[in-house]
Structures are given as C-alpha cells and as structure tokens.
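As a plain string of letters, each chain reads:
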Amino acid sequence: MKHYDECYFVNYDSYEDLRLAEIGCQKCPSKYSFGPIIRENYVLHYILEGSGSLFINKKEFRISAKQAFFTPPHLPAYYIADEKTPWNYIWIHFNGTKAFEFLNAIGISAQQPVFIPVSPDDELESCMRYFLLHYEQELLCIGNLYHLFHHLIDVSSTKPKPGEQEIQLKYITDIVNYIHTKFNEPIKVSDIAEYCGLDRSYLSKIFKQATNYSPQEYLIIYRIRKAQEYLLDPNFSIQNVAFAVGYPDPFAFSKVFKKNTGMSPSEYRASHLKTGS
C-alpha cells in the first residue's frame, strides 16, 4: 500500500558538505504510523498542518503545525499522526560532512529532535515546498538545502547561546578578516570598530589580550608582510607596492617598512633578489 502522496528518490550525492537523497510529502490519515525504522540518513519532516508524536529512545515528543522534527541515522525512530488532527508533512532525507555541525548549530540532537522557530513564519514552509517543485534540478535543490539550514539556524529557539569567550573569539576573527580584506585601503581602527559594532577601546583590549598586538600594530605587520611578497616581483615599482598595501604616500611607506624590517624597500628587494630567496 502506498504510504505517501509524492516521493522522489533524487540521490544528489555529488557534494561532500550536504547530500540530498529523497523528497516527499503526505497528508496522513488518522493515527497513521511509520516505523520503528533505522535509516542511514537524517530525515527532516516539516509539519504543514495537524499534529502527531515522535518516539526516539522510548521518549515521546509532541509536534504541531509549523514545527519540524529530525530523526538521526542509526537510531530507531517511530512516529504517528494524531487521531483527531493527523499531520500533513513534507520530508527530506539528507546527509553530508556538515550535517552534524549544522544540526548542532540549530540545537538539534537525539535528545532534542524537535525544531520550534522563535516565531512562526512562511520561509521554512517555502523552502520545503521548493524541494517538491524543483526535485529534478540538482543544483537548485542543493542550494535550497543550504538556504534551509541558514534559515533554521537563524530562527531556531533551541540553538545554543554562545558564551562570552565564544563571542570574543568571533570578534577577533572578524577583526582579522577585516584587516586581511581591507589592508590595501587607508583604514583606521575606528573603521574596524564600526564594522564590528564595538567600542574602540573594548575592541583594542580584547584584540591585545588575544594576539599580544594592538589592531594598529597587527595591521602594520600584515601590510609589511604583504609588501615583502610584492617586493619579490622586480616589475612591481616601490610606489605601486606602497599603493598595494594601503599607503598612498610612498615616503611614509618606506619609513614604516624600514622601521619594521631594518631595511628600506629597495634594500630588501635587492638583497632577496640577489640571493634568490
């Protein structure tokens, strides 16, 4: 007997991070049940309407409309539609090297398999319906899978709250990434603080604690390191090297370079080109 309204075995497994194996939907009759079953993949069911129960490790989880539940691989799962208001759901089977990481970011586990959004919205339902509409188009489905996880993480009511150390680590990463991206522009510490949404003195304090450098010192060190790379190209003028690392004034660049390396840019170039290093 057919136990679904639509079911597509897509097996989109060309991607390491996320793979999609199956897409389906069903408007279940009263007390319709499935399992116990052990699967190789994760399964996500999004409840369009109605309600029911999921059983994992002998524990019951009640799920209602606009919520979702996940069943993990290699673990028995059993679920049953409510007698009076049986659920109507869309499901996907997925896996991949990033699956566990993304689920952890949502706050989903065998102990907490139910997804409850902070507030109901239409985006999650749209993502799930998108799979049904485009099941024959692999790139669209895989792209939508990333979109789905982004949204789940964004609106999850169960995602773990970062501690102070994790928050500071994110700020440090943001500062470093900003410098690595914008070093060739005339940026200031105030620009970095504005980008991170931090007070300048607080930004400098946490960065110094983490790296032993002030943001300004780190910016100069990174610029000098990049300048040393550019100077190994004899076709790159000293003036253009200065421009390439954020110094519109070549004289100011030469002064900073010599202070940090003990050599002028031209001396550094000559010594390294001569030795071939």
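Residues numbered from 1 in each chain as written. Predicted model: local features only at pLDDT ≥ 70, side-chain atom pairs only at ≥ 80, totals over all residues. Heavy atoms only, no water.

J.: Go over the overall build of the chain with me, naming the residues and quoting the values.
T.: Across its full length, the chain carries ten helices and ten strands. Its C-alpha radius of gyration of 27 Å places the chain more than 25% over the 19 Å reference for a compact globule of 277 residues. Within the chain, the fraction of its 277 residues that count as buried is 42%. For the chain, contacts bridging at least 24 residues in sequence account for 68% of all contacts bridging at least 6. In the chain, 28 side chains carry a positive charge and 31 a negative one; their mean positions are 8 Å apart. (Helix = DSSP H or I, 4+ residues; strand = E, 2+ residues; numbered from the N terminus. Rg over C-alpha atoms; globule rule 2.2 N^0.38 Å. Buried < 20%, exposed > 50% of the residue type's maximum accessible area, 1.4 Å probe, protein only. Contact = heavy atoms within 4.5 Å. Lys, Arg positive; Asp, Glu negative; His and termini not counted. Charge placed at Lys NZ, Arg CZ, Asp CG, Glu CD.)

J.: Summarise helix 3 (residues 138–155); cite the residues concerned and give the values.
T.: Taking 1.5 Å per residue, 18 residues should reach 26 Å; helix 3 reaches 26 Å between its end C-alpha atoms and fits that length. Within the sequence span of helix 3, burial applies to Cys-141, Ile-142, Asn-144, Leu-145, Leu-148, Phe-149, His-151, Leu-152 and Val-155. (Expected span 1.5 Å × (residues − 1).)

J.: An account of the pairing of strand 8 (residues 77–81) is requested, with residue identities and associated values reported.
T.: Across the five residues that make up strand 8, a large majority, four, are buried. Where strand 5 (residues 51–56) lies against strand 8, five bridges are found, and the strand directions are antiparallel. Residue pairing in the sheet places Ile-56 in a bridge with Ala-77 of strand 8. (Pairing = 2+ DSSP bridges.)

J.: Lay out empty space enclosed by the protein with the relevant residues and their values.
T.: Across all of its chains, the model carries one cavity of 30 Å³ or more by this definition. Within this model, the largest cavity holds a volume of roughly 40 Å³. Residue lining of the largest cavity: Tyr-46, Lys-66, Phe-115, Pro-117, Pro-120, Asp-121, Leu-124 and Val-155, and that is the complete set. Residues that form the lining of the largest cavity fall into these classes: six nonpolar, no polar and two charged. (1 Å grid on protein atoms, 1.4 Å probe; cavity = no way out; pocket = protein on both sides within 12 Å on 5 of 7 lines; lining within 4 Å. Points joined across faces, edges and corners; volume = space filled by probe spheres on them. Nonpolar A, V, L, I, M, F, W, Y, C, P; charged D, E, K, R; others polar.)

J.: Describe the pattern of salt bridges, and please don't skip the residues or the numbers.
T.: Counting across every chain of the model gives nine salt bridges. Note that Lys-182 and Glu-185 form a salt bridge whose closest N and O atoms lie 3.2 Å from each other. Because the salt bridges share partners, they merge into one network encompassing Lys-66, Glu-125 and Arg-129. (Salt bridge = Lys/Arg side-chain N within 4 Å of Asp/Glu carboxyl O.)

J.: How would you sum up unusual backbone geometry? Please name residues and give values.
T.: Of the consecutive residues Gly-35 and Pro-36, the connecting peptide bond is found in the cis state with omega at 0°. Summarising the element assignment, Pro-36 is placed in strand 3 (residues 33–37). One non-glycine residue with positive phi stands out, namely Asn-57, at about 50°. Considering the arrangement of structural elements, one finds Asn-57 in the loop between strand 5 and strand 6 (59–64).

J.: I'd love a proper account of the packing of helix 6 (residues 200–211) against helix 7 (residues 215–231), names of residues and values included.
T.: Direction vectors running N to C along helix 6 and helix 7 enclose 60°, while the axes themselves pass 9 Å from each other. One way to sum up the angle between helix 6 and helix 7 is to call them oblique. Contacts between helix 6 and helix 7 involve Leu-203, Ser-204, Phe-207 and Lys-208 from the former and Pro-215, Glu-217 and Tyr-218 from the latter. Residues belonging to the contact of helix 6 with helix 7 are distributed by class as follows: four nonpolar, one polar and two charged. (Axes fitted to C-alpha atoms, helices over the stretch in contact; angles between N-to-C directions. Parallel < 35°, antiparallel > 145°, perpendicular 65-115°, else oblique.)

J.: Quick rundown of the packing of helix 4 (residues 164–182) against helix 6? Include the residues and the values.
T.: Their axes nearest at 10 Å, the elements helix 4 and helix 6 cross at an angle of 95°. Here helix 6 runs roughly perpendicular to helix 4, going by the angle between their axes. Of helix 6, the residues touching helix 4 (which contributes Glu-164, Gln-168, Tyr-171, Ile-172, Ile-175 and Val-176) are Tyr-202, Leu-203, Ile-206, Phe-207 and Ala-210. Classifying every residue of the contact of helix 4 with helix 6 by side-chain character gives nine nonpolar, one polar and one charged.

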